[in-house]
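Now for the letters of each chain:
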Amino acid sequence: MSAHALTNRESLLAARIREETGVKVAECYQCGKCTAGCPMARWMDISPNQIMRNLQTGDEADENRLLSCQALWHCAGCLTCTQRCPKGLDPAAVMDVLREAARRRGTVPASARKVLAFHEAFLKTVEDFGRMNEWPLVARYKLATGDLFADVLLAPEMLLKGKLPIVPHAIRGREEVRRIFRESRKKEKR
Amino acid sequence: MKACGYYPGCSLAGGGVELDLSIREVSKAAGVDLREIEDWNCCGATAAHCLNHDLAVALPYRVLSLAEEQGLAEVLAPCAACFSRLKGTNLRLARSAELAGRVRAVVGRPYGGGVKIVNVNEFCGRLAAGGLKDKLSKPLGLKVAGYYGCLLSRGEGIVEGEDPENPSAMDAVIRAAGCEPVSWNFSTECCGGGFSMSKTEAVVELSAAVLADARAAGADLVVTGCPMCHSNLDMRQRSMGSEGRGMPVLYLSELLGLACGLKPEALGLNRHFTDAGPIASPLSVRGERRPSECGASRNTSTPGGR
């Protein structure tokens, strides 16, 4: 019996995952080792092995549930799942493809708003300066989330200890970096 | 003087400044000339690979291309995340000609693939066995928990020569510093990584568990090579219960520098949130440190005296 006999059909999403990561989701035999080792599993609404399972059924409802779950955004990218998968699959890379898809389809749940806002603030800062700079990153994040008081107590001490440069550093090749962002964004629209 | 390319990465200019200072100090002491890549950009870190694959490869690609153009065959990337992104990009480009072509078009630069990326554990190991061998004159006599976290232990083909479940690259450096590496359970557990601001409660809980296990194993301090891990373990202690508080967290390069008799301030030890003074001052620069240099740090750890 081929592994594919376990599934109804390979969904477009599963095919995309196979193309981008080489992972055949049908090969997951649901041992649960990924979930057992996941440090963030307790903050997830769907566990890592359930994410793999939802990709196997080919059922559109499963897929929609997957793309709107908060678990995708609570993955820390620690690679424990990938390291330990007895089938040599790469759930961490699968999560990356799913996050891209969720963002493209606009299905990121409200409960993951802060995590997404942080990633976006980080990248916008890099796009502007060529590097991450703490002030602009934190300012953008706070404006986007309204979480104005987060970590305000850390800032003065960081300043005193020289861990918070006052003037953001901008690289000479900013235009090159902006080009990289422009060109890479074309993928987000595909 | 032996030379090595250097990619500090964004954290080392801010929250992770102690890693930059200590790497530069130990390199100088070992006679290694660090050549910083000119006009380097951010590697994209966690944010890029979470949101856009092409970006996650294209940003490190520009860095690698600059290094190659500037004649740097080998580049030290002390930040664990930068290391993982840069070396991972090398691997991905080597595996897929299609990806390499696409990213070359995105960035508009050539890259032949010949820049070798070195992490902080490998670099410190090399210095300890090489240029610093005769300078390790201040054995520190401490019990040290070597914390690898995620990106200095995992990543197939990226972290080489390690058992990902039980890595040991730090052991030789810890011993070279006259310390004893403790055996503990959380050396490769995640600290919560990039969720420091966006999911702080998870970071505090996971990081406290790491520190509690180090304490249970009898460690006087934790050493790490990752600025993200360091800021979570060091700066978040005040939000933790007693199980996590008061454990000094140093960079591996700081430990190495102290064992060479370098000044704690030059290595950045006075910049930590959790006071590392009791470790640094009695053994290496007794009397030179003033209490005011502990800044506003309120955690007073007493290694060995708990």
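Residues numbered from 1 in each chain as written. Chains lettered and ligands numbered in written order. Predicted model: local features only at pLDDT ≥ 70, side-chain atom pairs only at ≥ 80, totals over all residues. Heavy atoms only, no water.

Attention shifts here to the overall build of chain B. Check the secondary structure of chain B and you find twelve helices and eight strands. Its C-alpha atoms give chain B a radius of gyration of 19 Å, within 12% of the compact-globule value 19 Å for 306 residues. Per-residue burial over chain B gives 63% buried out of 306 residues. Taking the intrachain contacts of chain B between residues at least 6 apart in sequence as the baseline, contacts between residues at least 24 apart amount to 78%. Of the roughly 10,400 Å² of accessible surface on chain B, a fraction of 49% belongs to carbon and sulfur atoms. Each charge class in chain B was averaged separately, 32 positive and 33 negative side chains, and the resulting centres sit 3 Å apart. (Helix = DSSP H or I, 4+ residues; strand = E, 2+ residues; numbered from the N terminus. Rg over C-alpha atoms; globule rule 2.2 N^0.38 Å. Buried < 20%, exposed > 50% of the residue type's maximum accessible area, 1.4 Å probe, protein only. Contact = heavy atoms within 4.5 Å. Areas by Shrake-Rupley, 256 points an atom, 1.4 Å probe, with all protein chains shown as cover. Lys, Arg positive; Asp, Glu negative; His and termini not counted. Charge placed at Lys NZ, Arg CZ, Asp CG, Glu CD.)

The next thing to look at is the overall build of chain A. A count of helical and extended segments in chain A gives ten helices and zero strands. Traced from its N-terminal end to its C-terminal end, chain A shows the element sequence α-α-α-α-α-α-α-α-α-α. Its C-alpha atoms give chain A principal-axis dimensions of about 65 × 35 × 30 Å. Among the 190 residues that make up chain A, the fraction classed as buried is 52%. Considering only intrachain contacts with a sequence separation of at least 6, the fraction spanning at least 24 residues in chain A is 65%. In the structure as shown, chain A presents an accessible area of about 9,200 Å², 55% of it carried by carbon and sulfur atoms. Distance between charge centroids for chain A: 3 Å, based on 32 positive and 23 negative side chains.

All names here are of chain B. Position of arginine 92 relative to the elements: it lies in helix α4 (residues 80-95). When its relative accessible area of 31% is taken as the criterion, arginine 92 is described as partly exposed. When the C-alpha atoms of arginine 92 and cysteine 191 are compared, they prove to be 26 Å apart, with 99 residues separating the residues in sequence.

This brings us to the packing of helix α3 (residues 48-56) of chain A against helix α6 (residues 91-105) of chain A. Residues and elements named next belong to chain A. Here α3 crosses α6 at 65°, and the two axes come no closer than 11 Å. The chirality of how α3 crosses α6 is left-handed. Contacts between α3 and α6 involve Ile51, Met52 and Leu55 on the former and, on the latter, Pro91, Val94, Met95 and Leu98. Among the residues making up the contact of α3 with α6, the classes are represented as seven nonpolar, no polar and no charged. (Axes fitted to C-alpha atoms, helices over the stretch in contact; angles between N-to-C directions. Left-handed = near helix turned anticlockwise from the far one by under 90°. Nonpolar A, V, L, I, M, F, W, Y, C, P; charged D, E, K, R; others polar.)

Residue and element names in this part refer to chain A. Look at helix α1 (residues 12-21) against α6: their axes get within 10 Å of each other, and the N-to-C directions meet at 125°. With respect to their mutual orientation, α1 and α6 come out oblique. Relative to α6, the crossing made by α1 is right-handed. Of the residues in α6, those in contact with Leu13, Arg16, Ile17, Glu20 and Thr21 of α1 are Ala93, Val94, Val97, Leu98, Glu100, Ala101, Arg104 and Arg105. Grouping the constituent residues of the contact of α1 with α6 by class yields seven nonpolar, one polar and five charged. (Parallel < 35°, antiparallel > 145°, perpendicular 65-115°, else oblique.)

Residue and element names in this part refer to chain B. Sheet architecture is open: four strands sit in the order β6-β5-β7-β8, paired in parallel fashion. The outermost strands of the open sheet, each flanked by one partner alone, are β6 (180-181) and β8 (249-251). In the sheet, strand β5 (residues 143-147) pairs with strand β7 (residues 221-224) via four bridges, with the strands oriented parallel. Paired with valine 144 across the strands is leucine 221, a residue of β7. (Pairing = 2+ DSSP bridges.)

With that settled, consider unusual backbone geometry. Where the residue is not glycine, phi is negative for most of them; where a peptide bond is considered, it is trans in most cases. Of note in this structure, Gln30(A) is not a glycine but carries a positive phi near 60°. For Gln30(A), the location among the structural elements is in the loop between α1 and α2 (33-37). A positive phi angle is found at Asp39(B), which is not glycine, with a value near 60°. Along the chain, Asp39(B) turns up in the loop between β2 (32-36) and α2 (45-51).

All names here are of chain A. Here the domain parsing of chain A yields domain 1 (3-108) and domain 2 (111-189). Each partner contributes residues to the interface: domain 1 has eight residues there, and domain 2 has eight residues. Both sides together, the interface formed by domain 1 and domain 2 hides about 780 Å², and carbon and sulfur atoms give 55% of it. Inspection of the region where domain 1 meets domain 2 yields one salt bridge. (Domains from an automatic or database assignment. Buried area = accessible area lost by both parts, 1.4 Å probe. Salt bridge = Lys/Arg side-chain N within 4 Å of Asp/Glu carboxyl O.)

A few words now on the interface of chain B and chain A. Between chain B and chain A, the residue contacts involve 60 residues of the former and 58 residues of the latter. Carbon and sulfur atoms supply 60% of the area buried between chain B and chain A, which totals about 5,400 Å² over both sides. Close ionic contact of Arg84(A) with Glu165(B) constitutes a salt bridge, the shortest N to O distance being 2.8 Å. Counting across the interface, chain B meets chain A through 25 residue pairs in polar contact (both at pLDDT 80 or more). Elements with a minimum of two residues in the side of chain B that touches chain A: α1 (17-30), α2, α3 (53-69), α5 (97-107) and α8 (200-216) of chain B. (Polar contact = N/O pair within 3.5 Å; in protein donor to acceptor, adjacent residues only side chain to side chain.)

Our focus in this paragraph is the sheet that holds strand β3 (residues 74-76) of chain B. All names here are of chain B. Read from one edge to the other, the open sheet built from four strands follows the order β2-β1-β3-β4, with strand pairing classed as parallel. The open sheet is flanked by β2 and β4 (116-118), the only strands paired with a single partner. Between one strand axis and the next, the sheet turns through 40° on average, direction left out of account. Both strand β1 (residues 2-6) and β3 contribute to a ladder of two bridges, which runs parallel.

With that settled, the discussion passes to the packing of aromatic side chains. A ring pair, where both rings are aromatic, is described by two values, the distance of the centres and the angle of the planes. Enumeration over the complete set of coordinates arrives at four aromatic pairs over all chains. With 5.7 Å between their ring centres and 75° between their planes, Phe118(A) and Tyr141(A) make a pair best called edge-to-face. One end of the pair, Phe118(A), is in helix α7 (residues 113-129); the other, Tyr141(A), is in helix α8 (residues 134-145), with 23 residues separating them in the sequence. Both rings, one in Tyr7(B) and one in Trp40(B), keep their centres 5.2 Å apart while their planes meet at 70°; by these two values the pair is edge-to-face. Note that Tyr7(B) is positioned in the loop between β1 and α1 and Trp40(B) in the loop between β2 and α2, a separation of 33 residues in sequence. (Phe/Tyr/Trp six-rings, centres within 6.5 Å; stacked < 30°, edge-to-face > 60°.)

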